[in-house]
Amino acid sequence: MINTLSLILYRKTKKKAMSTIILGIESSCDDTSAAVIKDGYLLSNVVASQAVHEAYGGVVPELASRAHQQNIVPVVHEALKRAGVSKEELSAIAFTRGPGLMGSLLVGVSFAKGLACSLRIPLIDVNHLTGHVLANFIKVEGEDYDPPKFPFLCLLVSGGNSQIVLVKAYNDMEILGQTIDDAAGEAIDKCSKVMGLGYPGGPIIDKLARQGNPKAFTFSKPHIPGLDYSFSGLKTSFLYSLKDWLKDDPDFIEHHKTDLAASLEATIVDILMDKLRKAAKQYKIKEVALAGGVSANNGLRNAFRDHAQRFGWKIFIPKFSYTTDNAAMIAITGYYKYQDKDFCPIDAPAYSRVSI
Ligand code: KG4
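Each value, and the rule that gives it
Sequence order sets the numbering: in each chain, residues are counted from 1 along the sequence as written. Thresholds applied to this predicted model are a pLDDT of at least 70 for local features of residues and 80 or more for the giving and counting of side-chain atom pairs; totals over whole chains, interfaces and linings are not thresholded and use all residues. The basis for every side-chain value is the complete set of non-hydrogen atoms in the structure, without hydrogens or water. The helix count covers DSSP runs of H or I at least four residues long, the strand count covers runs of E at least two residues long, and both are numbered beginning at the N terminus. Any pair of nitrogen or oxygen atoms within 3.5 Å is treated as a polar contact; in protein, a donor-acceptor pairing is required on top of that, and neighbouring residues in sequence qualify only through side-chain atoms on both sides. What makes two residues a contact is simply this: any of their non-hydrogen atoms within 4.5 Å. To form a nonpolar core, buried Ala, Val, Leu, Ile, Met, Phe, Trp, Tyr and Cys residues must be joined to one another through side-chain atoms within 4.5 Å. Working definition: with a 1.4 Å probe on protein chains only, accessible area under 20% of the residue-type maximum means buried, over 50% means exposed, and in between means partly exposed. Domain segmentation is taken from an automatic or database assignment of domains. By buried area we mean the combined loss of accessible area, with a 1.4 Å probe, across both parts when two parts are placed together. In what follows, salt bridge is the name for a side-chain nitrogen of Lys or Arg lying within 4 Å of a carboxyl oxygen of Asp or Glu. The near set for a molecule or strand comprises every residue that places at least one heavy atom within 4 Å of it. Accessible surface area values rest on a Shrake-Rupley calculation with a 1.4 Å probe, where residue burial reflects the displayed protein chains alone. Each residue is assigned to one class: nonpolar for Ala, Val, Leu, Ile, Met, Phe, Trp, Tyr, Cys and Pro, charged for Asp, Glu, Lys and Arg, and polar for all the others, Gly among them.

Attention shifts here to the side chain of threonine 179. With respect to the helices and strands, threonine 179 occurs in the loop between strand S8 (172-178) and helix H5 (184-194). Within the structure, threonine 179 has its side chain in polar contact with the backbone oxygen of aspartate 182 (distance 2.4 Å). With residues up to four places along the chain from it excluded, the contact list for threonine 179 reads Ser162, Tyr229, Ser230 and Phe231.

What follows concerns the nonpolar core. In terms of nonpolar packing, the biggest core is built from 46 residues, with Leu153, Leu155, Phe231, Ile268, Leu272, Leu276 and Leu300 touching the most fellow members. Looking at this core, the elements that each hand over two or more residues are strand S6 (152-157), strand S7 (162-169), H5, helix H6 (201-209), helix H7 (232-248), helix H8 (252-282), strand S9 (287-291) and helix H9 (298-311). Here this core gets 14 residues from one element, more than from any other, and that element is H8. Apart from residues lying up to four places away in sequence, leucine 300 is in contact with Leu155, Val157, Val269, Leu272, Met273, Leu290, Val294 and Ser295. Leu134, Ile138, Met173 and Met329 belong to the second-largest nonpolar core, a separate cluster that totals 37 residues.

For the rest of this paragraph, the subject is the domain arrangement of the chain. Here the chain is partitioned into domain 1 (4-138 + 324-339) and domain 2 (152-317). Here the C-alpha centroids of domain 1 and domain 2 sit 29 Å apart. In this assembly, domain 1 packs against domain 2 so that about 1,300 Å² is buried in total across both faces, 73% of it on carbon and sulfur atoms. The largest share of the area that domain 1 buries against domain 2 comes from Leu129, Val133 and Asn136, three residues that together contribute 37% of it.

Now for the pattern of salt bridges. For the structure on display, the rule yields 17 salt bridges. Among the ionic pairs, lysine 221 bridges to aspartate 270, the shortest N-O distance being 3.2 Å. Taken together, the residues lysine 221 in the loop between H6 and H7 and aspartate 270 in helix H8 connect sequence positions 49 residues apart. Aspartate 270 gets classed as partly exposed once you look at its relative accessible area, which sits at 35%. Linking lysine 337 and aspartate 342 is a salt bridge whose minimum nitrogen-to-oxygen distance equals 3.8 Å. Residues joined by salt bridges that share partners form a network here, namely Arg97, Asp125, Lys337 and Asp342.

A few words now on the site of the ligand. Near the ligand there are 20 residues, and of these Gly159, Asp189, Gly202, Asp206 and Gly293 occur at the shortest range. A distance of 2.9 Å is found between an oxygen atom of the ligand and a backbone nitrogen or oxygen belonging to glycine 293. Asparagine 297 has a polar side-chain atom sitting 3.1 Å from a nitrogen atom of the ligand. Compared with its free state, where it exposes 550 Å², the ligand has 87% of that area covered by protein. Where the shell around the ligand is concerned, the elements lending two or more residues are helix H4 (128-134), H5 and H6. Of the residues that constitute the shell around the ligand, the class distribution is five nonpolar, twelve polar and three charged. Taken together, domain 1 (4-138 + 324-339) and domain 2 (152-317) each give at least three residues to the shell around the ligand, which thus spans both.

Right, here's the structure in full:
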């Protein structure tokens, strides 16, 4: 939606500046992040993660909002400092509007609005999921840049989402399939919790899986029509199998930790890749990208490389720091929206739930 006030401010800022400098702000869950992008190049990306949730085995929303409140000013300050950019040089502020935890989102949304108002520059609202997809377009001076060409497929896998997205343009995406219950990351985190491992479970399972046998155990796979996913059955199958094994051997988890992790990871990767392969075939697309926190997973990255060889896919995997929640992906999305003069009004509310 083109907002009149933002458009006036855009014209004013455009007159005085040749460069386009976007400040991105991300606060949808438990990472407070700010990033600066100048003319499409990333200058800084600062992330403050919140260790406070580790003791609870999951994100505690109220604690997350409080930590965002403490972090937001120093994080933005640091991002501007590292970029060597002053507030007055900014062309616009892009912020995550949703989906996410409402209390967390409100901190970033309110801060972005206040700063944009005081600087009299346009505001750009960014969908967090679109940001994950466009992380594949983050460009850094002096680093190779070979982004996917439209249209391409993106497997977006995070703690809250598992989706196959058809990306037709920066501002035109279609969800071809998505989870009907739990997300892949959520399933990994919950199984890891059942095993008594730490939080978040993804990186721990990944590390253990590297030393285990992926064929040691078999867990049930879903039979969902079309391109949708389901992970709740696998989670239940994992839980009940474990309960049975623990009856015979109370130390079963300790004795089989690496094999359990490897088998769980292999099952999740198989489920994800089966549908992605189906989508690639159905839409005759060979450019395939990965996005979201779970894309840090080594088993999934290896499966991508294997598919590239077997099916002639050209694959795109963002740098690790751009796969988990970060503001660089919000700033790059904001940068492309700025080119379209796609601004948002000052009274735009945050959305806890919103699709791409
Ligand atoms: O995208 P993200 O940082 O946050 C959102 O959900 O938006 O994703 C977090 C998810 C968590 O479920 C975490 O366990 C998972 O990504 N994750 C991993 C790995 N690193 C993070 N899952 C598997 N292997 C990893 N190496």
